[in-house]
Amino acid sequence: MEELKIDISETNRGKEQIIINKKYKYNYSYTKKNKSKVYRCTEYKTLNKCKSYIIFNDEKEILKYDGVHNHFEQEFNAALSLTKYRIKKEIKKSSIPFNIKPKRVFNQISQDIEKHYLYITKQNENFMIFKNQNVIIFQSPFQAFLFKKYCDDLFVDGTFYVAPDFSYVTNLNVLDTKPDGCGNLPLNQVTNLLVMSFVTSYQVFITRNFVPELNEFYTTSFSILRNKEQETYKTIFEVIKSNCDITKDNGFSPKNLHCDFERAISNAAIIVFPDINIRYCIWHYKRSLGLHKNKICYNEVNQNRDLYVYYNAILNLPFINPNYILDIFHKIKKSCIEKNYNQFLIFLEYFRKAYLILYNIENWNYYNNIEHITNNASESFNNYLSGLFSKKPTYFRLIYTLNNDVSLYPDTYERRMLGVWNKQKRKTLTKTNKIKNIIESYKKMESFLISNERNRSRIAGLCINKKDVDNQIKYTTHISQGIPHIILGRA
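Residues numbered from 1 in each chain as written. Predicted model: local features only at pLDDT ≥ 70, side-chain atom pairs only at ≥ 80, totals over all residues. Heavy atoms only, no water.

### Side note on the overall build of the protein chain
Reasoning step 1: Along the backbone of the protein chain there are 17 helices and 15 strands.
Reasoning step 2: In the protein chain, buried positions account for 45% of the 491 residues.
Reasoning step 3: Of the roughly 27,700 Å² of accessible surface on the protein chain, 49% is carried by carbon and sulfur atoms. (Helix = DSSP H or I, 4+ residues; strand = E, 2+ residues; numbered from the N terminus. Buried < 20%, exposed > 50% of the residue type's maximum accessible area, 1.4 Å probe, protein only. Areas by Shrake-Rupley, 256 points an atom, 1.4 Å probe, with all protein chains shown as cover.)

What follows is the structure, given as structure tokens:
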């Protein structure tokens, strides 16, 4: 049996608790007929249903131990429990002066433990860099190094699945109007109180940077947000900019921000980084259009060949020459008016207002640069976070987990840079390369039509009229069938 370090503590209700190796807590469960006592892991009654247990005889000798856990270590909670128990023991042994409050003593010590386990990395460096009523920001020095060095492509995204509750302390001035105890008039005295407010956080917001040498993404900051207001995002970017020492003079500034179609994020980024180029996620573009299509004209699109082609042409606009996007839109709209496709016209009006008016076409068009067309780099990490917890984590557990994750970055980065962990690149044609090939084919046909002095309407027809394509150019069968059915949602 492995050597175990056993500490005795107790639960909030005063029952005996066993702590193994300062990492796992076991509560008393029951006593057998032979007077041996069974203790089960504290995660036994949670969704984890951990089956680890330990059995002692009446002399506290281990009779049986199952140390297999299906959850993370509880180092922080274990340390907190032990500290609380020791404080209680010391209080019981000594007489407490009237001006000493045991709860205050424990709270102070627990704050010191919290700072050590949550806000300081294993490299003994600061992890939390900013906190106010709306946001808490975490970024280790190594994350700041990565953010500054690889700032060409910055990916951001938020998730509410793992967003915990957090609290903050505020000053509250209260007018004391209670009698003075002698029947005199109320005292008009202002009392300053510290009030602990509990706020449900809205989301966990992350930034990730692309390291081209490794073809790898690294998470470069974490933030817990109370709201999704532009000012909150602006605070995040300003704090990170300052923490990473990013200025125009030193030449470090993000070139491209990859995000979903949330204006508060992109507007805040432009304020803090005026030269940044916004690149909206194509996956969000397609998902939004799909949801509105299903709501407005699902049956019409599925049952009508014309509308099916028109809808996919709209989906493909991020990969079409932006100079012809308005021509394509009006060509489709004109055809729908002539054929009385009224429901699809409603869909087209939504598209016009949302993507042709509200957003700059250049920000969601990838015709001239197919790199990083989605925000999946951030989405995937948020999914990874969600998979770590069976239920919404507490604030302490979330930060403790993130801190442990970040502490591995320096070693993994160095090993990958040295080639120790280099993965062999797959030689299959990636989805991005497939899209590149289709766009290049489109560009060749577009160039062919321009050189033969075809008008704009003919060029716009490349996306929506298969007959025009086949009749105008005798390209290979593969290319002539590829353009009208780019349907990049399948790529």
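Back to the text.
### Notes on the sheet that holds strand E1 (residues 6–10)
Reasoning step 1: As summarised here, the arrangement of the six strands in space is E1-E2-E3-E4-E5-E6, forming an open sheet in which the pairing is antiparallel. Looking at strand neighbours, the two that pair on one side only are E1 and strand E6 (62–66), the edges of this open sheet. Neighbour to neighbour, the strand axes of the sheet diverge by 25° on average, direction disregarded.
Reasoning step 2: One ladder, built from five bridges, connects strand E3 (residues 24–31) with strand E4 (residues 37–41); its direction is antiparallel. In the strand pairing of E4, Asn27 is matched with Arg40. (Pairing = 2+ DSSP bridges. Axes fitted to C-alpha atoms, helices over the stretch in contact; angles between N-to-C directions.)

### Examining the packing of aromatic side chains
Reasoning step 1: Evaluation of the coordinates by the stated rule reveals 32 aromatic pairs.
Reasoning step 2: Judged by centre distance (5.1 Å) and plane angle (80°), the ring pair of Tyr280 and Tyr359 falls under edge-to-face. Of this pair, Tyr280 sits in strand E15 (residues 277–280) while Tyr359 sits in the loop between helix H9 (342–357) and helix H10 (361–364); the two residues are 79 residues apart in sequence, bridging distant segments of the chain. Tyr359 carries the same exposure label as Tyr280, and that label is buried.
Reasoning step 3: Pairing Tyr355 with Tyr359 gives two aromatic rings, centres 6.2 Å apart and planes at 25°, and the pair type is stacked. Judged on exposure class, the residue Tyr355 and its partner Tyr359 are both buried.
Reasoning step 4: Aromatic rings pair up to connect Phe261, Tyr280, Tyr285, Phe329, Tyr350, Phe351, Tyr355, Tyr359 and Trp364 into one cluster. (Phe/Tyr/Trp six-rings, centres within 6.5 Å; stacked < 30°, edge-to-face > 60°.)

### Some details on the packing of helix H4 (residues 230–243) against helix H5 (residues 263–272)
Reasoning step 1: Relative to each other, H4 and H5 sit at 40°, their axes nearing to 8 Å. By the criterion of interaxial angle, the relationship of H4 to H5 is oblique. Along this stretch, H4 crosses H5, giving a crossing that reads as right-handed. The segment H4 lies against H5, with Gln230, Tyr233, Lys234, Phe237, Glu238 and Lys241 engaging Ala264, Ile265, Asn267, Ala268, Ala269, Ile271 and Val272.
Reasoning step 2: Here the residues of the contact of H4 with H5 sort into eight nonpolar, two polar and three charged. (Parallel < 35°, antiparallel > 145°, perpendicular 65-115°, else oblique. Left-handed = near helix turned anticlockwise from the far one by under 90°. Contact = heavy atoms within 4.5 Å. Nonpolar A, V, L, I, M, F, W, Y, C, P; charged D, E, K, R; others polar.)

### Thoughts on the side chain of Lys293
Reasoning step 1: Looking at the secondary structure, you find Lys293 in helix H6 (residues 282–303).
Reasoning step 2: Summary of buried charges: Lys293 has no salt-bridge partner, and the nearest side chain of opposite charge, Glu300, is 9.6 Å away.
Reasoning step 3: The contacts of Lys293, once residues within four sequence positions are left out, are Tyr298, Val301, Tyr311 and Phe347. (Lys, Arg positive; Asp, Glu negative; His and termini not counted. Salt bridge = Lys/Arg side-chain N within 4 Å of Asp/Glu carboxyl O.)

### Concerning the pattern of salt bridges
Reasoning step 1: Applying the stated criterion across every chain yields a total of ten salt bridges.
Reasoning step 2: In this structure, Lys22 engages Asp7 in a salt bridge whose closest nitrogen and oxygen atoms are separated by 3.4 Å. In this pair, Lys22 sits in the loop between strand E2 (16–20) and E3 while Asp7 sits in strand E1, placing the two residues 15 residues apart along the sequence.
Reasoning step 3: Given the relative accessible area of 10%, Asp7 is considered buried.
Reasoning step 4: Across the pair Lys148 and Asp245 runs a salt bridge, and its minimum N-O distance is 3.8 Å. Pair noted here: Lys148 is in helix H3 (residues 141–149) and Asp245 is in the loop between H4 and strand E14 (256–259), with a separation of 97 residues, a long-range link.
Reasoning step 5: Here the salt bridges share partners, and the residues they tie into one network are Glu231, Lys234 and Glu238.

### Some words on the nonpolar core
Reasoning step 1: Membership of the largest hydrophobic core comes to 66 residues, with the highest contact counts inside it found for Phe237, Phe344, Phe351, Tyr355 and Trp364.
Reasoning step 2: Looking at this core element by element, the count peaks at eight residues for H9.
Reasoning step 3: Ile136, Phe142, Tyr218 and Leu398 belong to the second-largest nonpolar core, a separate cluster that totals 30 residues. (Core = buried A, V, L, I, M, F, W, Y, C linked by side-chain atoms within 4.5 Å.)

### Here's the deal with the packing of H3 against helix H13 (residues 409–417)
Reasoning step 1: Following both chains from N to C, one finds H3 and H13 inclined at 45°, their axes separated by 10 Å at the closest point. Between H3 and H13, the crossing angle belongs to the class labelled oblique. Of H13, the residues touching H3 (which contributes Phe142, Gln143, Phe145, Leu146 and Lys149) are Tyr409, Pro410 and Tyr413.

### Side note on the environment of Phe205
Reasoning step 1: Along the polypeptide, Phe205 turns up in strand E12 (residues 203–211).
Reasoning step 2: Sequence spacing of Phe205 and Val135 is 70 residues, and the spatial spacing of their C-alpha atoms is 9.8 Å.
Reasoning step 3: Once residues lying within four places of it in the same chain are set aside, the contact partners of Phe205 are Val156, Asp157, Gly158, Ser221, Phe222, Ser223, Leu225, Tyr233, Ile236 and Ile265.

### Remarks on H9
Reasoning step 1: For H9, built from 16 residues, the straight-helix expectation of 22 Å at 1.5 Å per residue is met to within 8% by its first-to-last C-alpha distance of 21 Å.
Reasoning step 2: Along H9, the sharpest change in direction is near 25° and occurs at Phe351.
Reasoning step 3: Among all positions of H9, only Phe344, Phe347, Leu348, Tyr350, Phe351, Ala354, Tyr355 and Leu356 are buried.
Reasoning step 4: Buried residues along H9 sit against H6, helix H7 (305–315), helix H8 (325–338) and H10. (Expected span 1.5 Å × (residues − 1). Bend = angle between axes of the 7 residues up to and from the residue.)

### Let's talk about unusual backbone geometry
Reasoning step 1: One non-glycine residue, Asn21, lies in the positive phi region at around 55°.
Reasoning step 2: One can find Asn21 in the loop between E2 and E3.
Reasoning step 3: Within the chain, Lys49 stands out as a residue other than glycine whose phi angle is a positive 50°.
Reasoning step 4: Inspection of the secondary structure puts Lys49 in the loop between E4 and strand E5 (53–56).

### A short note on the state of the cysteines
Reasoning step 1: Throughout the structure, instances matching the rule amount to zero disulfides.
Reasoning step 2: Distance from the sulfur of Cys41, which forms no disulfide, to the nearest cysteine sulfur (Cys50) is 3.8 Å.
Reasoning step 3: Cys281 takes part in no disulfide bond, and the closest cysteine sulfur, belonging to Cys259, lies 8.9 Å away. (Disulfide = S-S within 2.5 Å.)

### Section: helix H12 (residues 395–407)
Reasoning step 1: The end-to-end C-alpha distance of H12, which contains 13 residues, comes to 18 Å, matching closely the 18 Å that a straight helix rising 1.5 Å per residue would cover.
Reasoning step 2: Summarising burial for H12: ten of the 13 residues are buried, a large majority.
Reasoning step 3: Of all the residues in H12, the buried ones are Tyr395, Leu398, Ile399, Tyr400, Thr401, Leu402, Asn403, Asp405, Val406 and Ser407.

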